[in-house]
Amino acid sequence: PKAEAVNILSAVTPAAAATLLTGSNLTVVANSAVVYGAGTQPVKFDSVNLGGSRTLSNAGIYLNSSANTVTISNLRTAINALPNPDDKVLYNMSALEYSVTAPAGITSISLQYLFGSNENCTQSWDIAAIFVDGINYAKLTNGNTITVNPSSGLVSVNPNVPGFSTSCWTNTYTMVGLFNMALTTHKIQIVVGDTGDASVPSTFAVSLISGGTATS
């Protein structure tokens, strides 16, 4: 498949990325947005269409793991603790973190994402996660953590678009993450990382985050 449309606009600040991602029924906490990983900068897009079911119709941001050494120890610890089939060490990582508040009755978030990598489509390398109040909810349909693995459903795609020039992509996944209702503000962490080696990057594209009423 070839890219039919990937409308990449520009790199954005952490605060602008958080605002772009967040729907009208959630409020971004002022000054809460930060990126982790040396040289990390989110890039915004209007939409993504990599052919087939690899599409994101809403605006969003993507992160690339290339050469972004981890700069926060507790997030590294959380990523290393995720169930990774080959238990590889995390080397590089890009992450966007920010907090939101929600009106009464909003108990969850939902979003869509695409995971891509320049690793071989059939190898178990690299990883991605989305933490909501400290729990990763971005998983494959078989319950595994997102990784370059045959179970990820990765296929060879050549979009030939800057930022989306990775060679393997998953289908679009929809995620629901539950808020910890004991908290008054809720932390969202979007992460992509290199495991096994630090030489071949992966990419994580996430679209509009909306508040919902899910409880499970």
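Residues numbered from 1 in each chain as written. Predicted model: local features only at pLDDT ≥ 70, side-chain atom pairs only at ≥ 80, totals over all residues. Heavy atoms only, no water.

### Focus on the side chain of Thr195
Filter applied, for reference: Note on conventions: DSSP H or I runs of at least 4 residues are helices, E runs of at least 2 residues are strands, and numbering of each starts at the N terminus. Between N or O atoms, a polar contact is any pair within 3.5 Å; within protein, one atom must be a potential hydrogen donor and the other a potential acceptor, and residues adjacent in sequence are included only when both atoms are from side chains.
Residue placement: Thr195 occurs in strand β15 (residues 186-195). At a separation of 2.7 Å, a polar atom in the side chain of Thr195 contacts the main-chain amide nitrogen of Asp126.

### Focus on the pairing of strand β7 (residues 90-101)
As a reminder, the rule being used: Each residue gets one of three labels from its accessible area relative to the maximum for its type: buried under 20%, exposed over 50%, partly exposed in between, using a 1.4 Å probe on protein chains only. Any two strands with at least two DSSP bridges between them are considered paired.
Taken across its twelve residues, β7 has ten buried, putting it largely inside the fold. The sheet contact formed by strand β2 (residues 27-28) and β7 spans two bridges and is antiparallel. The residue of β7 that forms the bridge with Val28 is Val100. Relative to β7, strand β3 (residues 34-36) is paired through three bridges, and the arrangement is antiparallel. Each bridged residue has a counterpart across the sheet, and for Tyr36 the counterpart in β7 is Ala95. Looking at chain direction, β7 and β15 are connected through ten bridges and run antiparallel. In the strand pairing of β15, Val100 is matched with His186.

### Focus: the pattern of salt bridges
Selection criterion: The working definition used for a salt bridge is a side-chain nitrogen of Lys or Arg within 4 Å of a carboxyl oxygen of Asp or Glu.
Applying the stated rule across the entire model yields one salt bridge. The partner of Glu97 in a salt bridge is Lys187, and the shortest N-O contact between them spans 4.0 Å. Taken together, the residues Glu97 in strand β7 and Lys187 in strand β15 connect sequence positions 90 residues apart. Residue classification places Lys187 among the partly exposed residues on the basis of a relative accessible area of 37%.

### Regarding the nonpolar core
Selection rule: What makes a nonpolar core is a set of buried Ala, Val, Leu, Ile, Met, Phe, Trp, Tyr and Cys residues whose side-chain atoms join them at distances within 4.5 Å. Residue contacts follow a heavy-atom distance rule, with two residues in contact if any of their heavy atoms lie within 4.5 Å.
Formed by 34 residues in total, the largest nonpolar core has its most connected members in Ile109, Tyr113, Ile130, Ile190, Phe204 and Ile209. With four residues, strand β8 (residues 108-117) is the largest single contributor of residues to this core. Contacts of Ile109, omitting those with residues within four sequence positions, involve Leu26, Val132, Met175, Val176, Gly177, Phe179, Ile188, Ile209, Ser210, Gly211 and Gly212. The next biggest cluster of nonpolar side chains, apart from the first, holds eleven residues, and it includes Val43, Val48, Val157 and Ala205.

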